[in-house]
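Letter by letter, the chains look like this.
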Amino acid sequence: MRSGRGTTVLVIAKEPVPGRVKTRLTPPFTPQEAARLAEAALTDTLETVAALPAARRVLVLEGRPGPWLPVGFDVVPQAAGGLDERIAAAFAGCDGPALLVGMDTPQLSAALLAPLCAPDAWSAADACFGPAADGGFWALGLADPDPALVLGVPMSSDRTGAVQRKRLTDAGLRVRDLPELRDVDTAADAAEVAAATSGHFAAAHARTRRTEVA
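Model, not experiment: these values are computed from the prediction.

(A) Highlighting the overall build of the protein chain. Tallying secondary structure elements over the protein chain gives 6 helices and 7 strands in all. Along the protein chain, helices and strands appear, N-terminal first, in the series β-α-β-β-α-β-α-β-β-α-β-α-α. In terms of overall dimensions, the protein chain is globule-like: its C-alpha atoms have a radius of gyration of 17 Å, near the 17 Å expected for 214 residues. With the C-alpha coordinates aligned to their principal axes, the bounding extent of the protein chain is approximately 60 × 35 × 30 Å. Each of the 214 residues in the protein chain was classed as buried or not, and the buried ones make up 47%. Restricting to contacts in the protein chain with at least 6 residues of sequence separation, those with at least 24 account for 68%. As displayed, the protein chain offers around 9500 Å² of accessible surface, 53% of which is attributable to carbon and sulfur atoms.

Dropping the structure here:
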């Protein structure tokens, strides 16, 4: 049992700079609109994580923090290399249980994630895994973070989630499965996620769509 060891929550993200984030949203959105949607998604995610009873909150950032960053977060730069290497490096910097999420699921809620920060969160599981609808994953948690569990997993493919989860089970870990969520990658994703939430992302999407209609 690992009760008493608090969970570190990691958010891996990019600075929402036009032309560098959410490029698959353009078109129909302009790079500036895509960046505003990315900032809104990141804001929702950070506010959700800020509300969790986490031992530590870390933003693993490519770029520089902006006014969207709430208090209570440590900011560390992303490592060089592919996404698997950057995720592995984020886990390597943790002492004790860690949960990593991205900035692409603004529909996240504190109610969904809070049980993973409870004192007994890791008593019945060694890992947690949140699959994404596109075949990737939106959450990965490890009771004892081991970068080797991520290194070499092919990222950004429809096999990513399956390979990552198999990596966990092949290591003999007990996996706690989380609900499937949809990442915001395309305009269709953005519309569906915005319709399912009421935060900053939904508001930014509504403003953007009104601008286009006008």
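Picking up after the structure, the text goes on.
(B) Layout of the nonpolar core. Judged by nonpolar contacts, the single largest core of 30 residues is most densely connected at Val 11, Leu 42, Leu 46, Leu 59, Leu 113 and Trp 138. For this core, the elements supplying multiple residues, two or more each, are β1 (8-14), α1 (31-50), β2 (56-62), β4 (98-101) and β6 (137-142). Of all hydrophobic cores here, the second largest spans 22 residues; its members include Ala 127, Leu 140, Leu 142 and Val 150.

(C) Highlighting the pattern of salt bridges. A full pass over the atoms with the stated rule returns 10 salt bridges. For Glu 192, the salt bridge is made with Arg 182, and the minimal N-O distance between the two is 2.1 Å. Of the two residues, Glu 192 is situated in helix α5 (residues 187-195) and Arg 182 in the loop between β7 (175-177) and α5; the sequence distance between them amounts to 10 residues. Judged by relative accessible area, which is 24%, Arg 182 ranks as partly exposed. Taken together, the salt bridges that share partners define one network made up of Arg 20, Glu 62 and Arg 86.

(D) The sheet that holds β7, seen in detail. Taking strand neighbours across the sheet as the criterion, the 7 strands line up as β3-β2-β1-β4-β6-β5-β7 in an open arrangement whose pairing is mixed. Looking along the sheet, the strands with just one partner apiece sit at the ends: β3 (74-77) and β7. Between one strand axis and the next, the sheet turns by 20 degrees as a mean value, whatever way the strands run. Bridge count for β1 against β4 is 4 bridges, and the pairing is parallel. Directly across from Val 9, in β4, lies its bridge partner Leu 99. Those strands touched by helix α2 (residues 83-92) are β1, β2, β4 and β6, and its axis lies near 150 degrees from that of β1.

(E) Structural detail: the environment of Glu 15. With respect to the helices, strands and loops of the structure, Glu 15 is situated in the loop between β1 and α1. Separated by 142 residues in the primary sequence, Glu 15 and Ser 157 place their C-alpha atoms 23 Å from one another. For Glu 15, the contacting residues outside a window of four places in its chain are Val 21, Leu 61, Glu 62, Gly 63 and Arg 64. Within the structure, Glu 15 has its side chain in polar contact with the backbone nitrogen of Arg 64 (distance 2.9 Å).

(F) Looking closely at the environment of Gly 135. Its place among the elements puts Gly 135 in the loop between β5 (127-131) and β6. Sequence-distant contacts of Gly 135, that is, excluding residues within four places in its chain, are made with Ser 157, Asp 158, Arg 159, Thr 160, Gly 161 and Ala 162.

(G) Structural context of helix α4 (residues 160-170). Within α4 the residues assigned to the buried category are Thr 160, Gly 161, Gln 164 and Leu 168. End-on, the buried residues of α4 take up no more than an arc of 95 degrees, which puts them together on one face. α4 presents Ala 162 and Asp 170 as exposed residues on the side facing more than 90 degrees away from its buried surface. Buried residues belonging to α4 abut β5, β6 and β7. Just past α4, the residue Gly 172 takes up positive phi, approximately 80 degrees.

(H) Region of the structure containing the side chain of Thr 45. Inspection of the secondary structure assignment puts Thr 45 in helix α1. When sequence neighbours within four positions are dropped, the list of residues in contact with Thr 45 reads Val 11, Val 101, Gly 102, Met 103, Thr 105, Pro 106 and Leu 108.

About the thresholds
Residues numbered from 1 in each chain as written. Predicted model: local features only at pLDDT ≥ 70, side-chain atom pairs only at ≥ 80, totals over all residues. Heavy atoms only, no water. Helix = DSSP H or I, 4+ residues; strand = E, 2+ residues; numbered from the N terminus. Rg over C-alpha atoms; globule rule 2.2 N^0.38 Å. Buried < 20%, exposed > 50% of the residue type's maximum accessible area, 1.4 Å probe, protein only. Contact = heavy atoms within 4.5 Å. Areas by Shrake-Rupley, 256 points an atom, 1.4 Å probe, with all protein chains shown as cover. Core = buried A, V, L, I, M, F, W, Y, C linked by side-chain atoms within 4.5 Å. Salt bridge = Lys/Arg side-chain N within 4 Å of Asp/Glu carboxyl O. Pairing = 2+ DSSP bridges. Axes fitted to C-alpha atoms, helices over the stretch in contact; angles between N-to-C directions. Polar contact = N/O pair within 3.5 Å; in protein donor to acceptor, adjacent residues only side chain to side chain. Arc of directions from axis to C-beta.

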